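An overview of the molecular structure
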4 protein chains.
Amino acid sequence: MSSVRTPDPNPGWLSELALEETRSRVPILYVEAVPVRLTPEGVVEQVGVLLRGSSTGEITRTLVSGRVYHGESIRTALMRNLEKDLGPMAFPRLPACPVPFTVAEYLPMPGVSPLHDPRQHAVALVYVVPVTGDCEPRQDALELTWLTPAEALSAELRGELEGGRGLLLTQAMAHVGANLA
Amino acid sequence: MSSVRTPDPNPGWLSELALEETRSRVPILYVEAVPVRLTPEGVVEQVGVLLRGSSTGEITRTLVSGRVYHGESIRTALMRNLEKDLGPMAFPRLPACPVPFTVAEYLPMPGVSPLHDPRQHAVALVYVVPVTGDCEPRQDALELTWLTPAEALSAELRGELEGGRGLLLTQAMAHVGANLA
Amino acid sequence: MSSVRTPDPNPGWLSELALEETRSRVPILYVEAVPVRLTPEGVVEQVGVLLRGSSTGEITRTLVSGRVYHGESIRTALMRNLEKDLGPMAFPRLPACPVPFTVAEYLPMPGVSPLHDPRQHAVALVYVVPVTGDCEPRQDALELTWLTPAEALSAELRGELEGGRGLLLTQAMAHVGANLA
Amino acid sequence: MSSVRTPDPNPGWLSELALEETRSRVPILYVEAVPVRLTPEGVVEQVGVLLRGSSTGEITRTLVSGRVYHGESIRTALMRNLEKDLGPMAFPRLPACPVPFTVAEYLPMPGVSPLHDPRQHAVALVYVVPVTGDCEPRQDALELTWLTPAEALSAELRGELEGGRGLLLTQAMAHVGANLA
């Protein structure tokens, strides 16, 4: 399960050209995470949603998300992308069980499926990940907002999530047994 | 999901007579837990198994286990029994998802099913629970032994678990993706 | 896993008095099922909901539901209750995996938890069960209605389900990956 | 969730050259299936294992397995590969829930992880799939053997499965609650 360590400092990184070509050939594997804060009894108190500037200049909401590199394990990819989006002090608790709560399928054509990614056919393994430290988003993520489960499930909030990811948020809340009424 | 709090200090406790009568009428609901220690990436490094003196004087191995009381939530019952068997400083991390990795069915007649409890028909919801603190078993539990997944899966160790719980240990290791070879 | 067969024709049945007494002592174990019709690829096309006359004379909606008897396996209890509520020609396909998609906790006091049962503290293992035959509800169930997932998820329909079971319907649809938008 | 249909008769198919290049760039997404025969109550009676001629001329055992094509849904890929390996009359029952029981990670270097694929870094979503019809393997699969769960779990049989897939067989049997003793 551990990742492969090679002398290459970026073994899984691809040039834009190579990535674009690859995206036209095969589904691209991603990991995604819904960060949560738990009570000691494991009840979800807060759900973390990222505010991110999209490529078209709009502000949209999204989840922790990133590609699995060649030679990289799922666990390492999840850890790397959690650190990329939440910063080094978030102290995520990766689950003991490597099975995702849902498999998200994004197609490049809008309207074909509930989930949509204009760049590619992507398949994401999606996890609920408790975090215990301080989250300081880096890179293009502007802000992490903590919401109650009820707020995360509001139709308005779900509609703001890019690519149809409001569905993933509802599935995550159903998975943890939150009150969906 | 939260437990009910009433003035009665032991709302779910039953006299031996009432418990025996109840055991002859309905299946009794239990929670069980396999304590584990995880790496930051969520890989199971160690598995906790209890050494316990049985009622017949023999020393047997078992898991964290206890009844769900009337009016008590699953999460509260799990927390209470983890503290009963691992002490107050174990700091268990209850899972966000309340679905067990297996449902264990114990029948009073030996040989009918892989799992056996001479006292009763019991149905247990079984969880893998990471612990981060110091475990100091109390009550009738004599000792907590930490094993590697490979040690926990040895035929000898599994055979020492009371009631056929070696099966639960194998299912737990399969669930977390441990190498079962 | 198989049920126990004894000469007693109703080994798990209890008198009203014994059942009432038992309900005051321990949580009572139930199984519940959400019947579905699937396409060959496993996509849920229809969801079955029961229309049932409640004890107070009202018409309410509910799911397949029943107690697990003493000495009875989960699988046998599920099969028995599916036949009780859907008739002998429903041909349910019980899942290979005995883990429920959710564990439903009903408390006797209203408002304490999302799920409520005025008679008792009940804990139900809830399954999605594909059926392939003809469903003809018997007993007190008046009618089985087949709905699309979208219809099953409407706020109005969910509100008609007794004991807060609209929550279970949403969790079931999230579990099977239905579009919850 | 449905697959995309385009005029191209083989939209996801790649030339050997393009596939080889792609394999050096990203993890390749697969679906795998453990075919089973169930009793009406859902208990696994038999497990199907393929006998296949490997590229080096050896006879090895394997599971139903194949790549997910670009633009193809997980469900369609699973159905297509089940038909490829079991024939058109197997009548597989795809699960209502699209979450696999395990995520299998194959690395090209032997010894790094329990699962190994010399051609590539592959990530497979693995499912238990009940089949109800007649299985007649086509293509390079020579034979489908039906085994009892106990036979499937023998150390000898598990060792014959290519790429370390004996692990997947054990995980599948743990998932369905088979007796692993």
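Residues numbered from 1 in each chain as written. Chains lettered and ligands numbered in written order. Predicted model: local features only at pLDDT ≥ 70, side-chain atom pairs only at ≥ 80, totals over all residues.

With that out of the way, let us pick up the relation of the copies chain C and chain B. Under the fitted operation, chain C is carried onto chain B by 0.0 Å of movement along the axis and a turn of 180 degrees, and the coordinates agree to an RMSD of 0.0 Å. On the angle and the small slide along the axis, the relation comes out as a two-fold axis. The C-alpha atom lying nearest the rotation axis in chain C is that of Thr-22 of chain C; the distance is 3.1 Å. Same-surface contact between copies: 100% of interface residues of chain C are shared with the interface of chain B. (Least-squares fit on C-alpha atoms with pLDDT ≥ 70 in both. Contact = placed C-beta atoms within 7 Å.)

This part covers the relation of the copies chain A and chain C. Aligned on chain C, chain A shows an RMSD of 0.0 Å; the corresponding rotation is 180 degrees and the shift along the axis is 0.0 Å. By residue overlap, the copies meet face to face through one surface: 100% of the interface positions of chain A are interface positions in chain C.

All names here are of chain A. In terms of residue burial, strand 1 (residues 28-38) counts as a mostly covered element, since ten of its eleven residues are buried. With nine bridges connecting them, strand 1 and strand 6 (residues 122-130) associate as parallel partners. Bridged to Val-31 within strand 6 is Leu-125. Here four bridges tie strand 1 to strand 4 (residues 64-67), and the two strands are oriented antiparallel to one another. Directly across from Glu-32, in strand 4, lies its bridge partner Ser-65. The turn linking strand 1 back onto strand 2 (residues 44-53) is made up of five residues, and Gly-42 within it adopts a positive phi angle of 95 degrees. (Buried ≥ 20, exposed ≤ 12 C-beta atoms within 10 Å, placed from the backbone. Helix = DSSP H or I, 4+ residues; strand = E, 2+ residues; numbered from the N terminus. Pairing = 2+ DSSP bridges.)

Packing of helix 5 (residues 166-175) of chain A against helix 5 (residues 166-175) of chain C leaves a shortest axis separation of 9 Å and a crossing angle of 120 degrees. Viewed along their axes, helix 5 of chain A and helix 5 of chain C adopt a mutual orientation that is oblique. Every pair of crossing elements has a handedness; the one defined by helix 5 of chain A and helix 5 of chain C is left-handed. Across from Thr-170, Gln-171, Ala-174 and His-175 of chain A in helix 5 of chain A, the residues of helix 5 of chain C making contact are Thr-170, Gln-171, Ala-174 and His-175 of chain C. Grouping the amino acids of the contact of helix 5 of chain A with helix 5 of chain C by side-chain chemistry returns two nonpolar, six polar and no charged. (Axes fitted to C-alpha atoms, helices over the stretch in contact; angles between N-to-C directions. Parallel < 35°, antiparallel > 145°, perpendicular 65-115°, else oblique. Left-handed = near helix turned anticlockwise from the far one by under 90°. Nonpolar A, V, L, I, M, F, W, Y, C, P; charged D, E, K, R; others polar.)

Right, let's get into the interface of chain C and chain B. In this complex, chain C contributes 29 residues to the contact, which on the side of chain B involves 29 residues. Those elements that place two or more of their residues in the side of chain C that touches chain B are helix 1 (16-23), strand 1 (28-38), strand 5 (102-106) and strand 6 (122-130) of chain C. Among the elements that make up the side of chain C that touches chain B, the one with the highest residue count is strand 5 of chain C (three residues).

A word on the interface of chain A and chain C. On the chain C side, the residues contacting the twelve residues of chain A number twelve residues. The dominant element in the side of chain A that touches chain C, judged by the number of residues it contributes, is helix 5 of chain A, at six residues. Tallied by class, the residues present in the side of chain A that touches chain C amount to five nonpolar, seven polar and no charged.

Ranked by size, the top nonpolar core spans 224 residues in total, and within it Val-34 of chain A, Val-34 of chain B, Val-34 of chain C together with Val-34 of chain D carry the most contacts. Excluding residues within four positions of it along the chain, Val-34 of chain B makes contact with Val-47, Leu-63, Val-128, Val-129, Leu-168, Leu-169 and Ala-172 of chain B. (Core = buried A, V, L, I, M, F, W, Y, C linked by C-beta atoms within 7 Å.)

The next point concerns the confidence of the model for chain A. Residue and element names in this part refer to chain A. Per-residue pLDDT for chain A has a mean of 89; in total, 91% of the residues score no lower than 70. With pLDDT under 50 throughout, residues 1-7 is counted as low confidence; its partners more than four residues away or in other chains account for 15 contacts. The ipTM for the predicted assembly is 0.90, set against a pTM of 0.92. (pLDDT = per-residue confidence, 0-100.)

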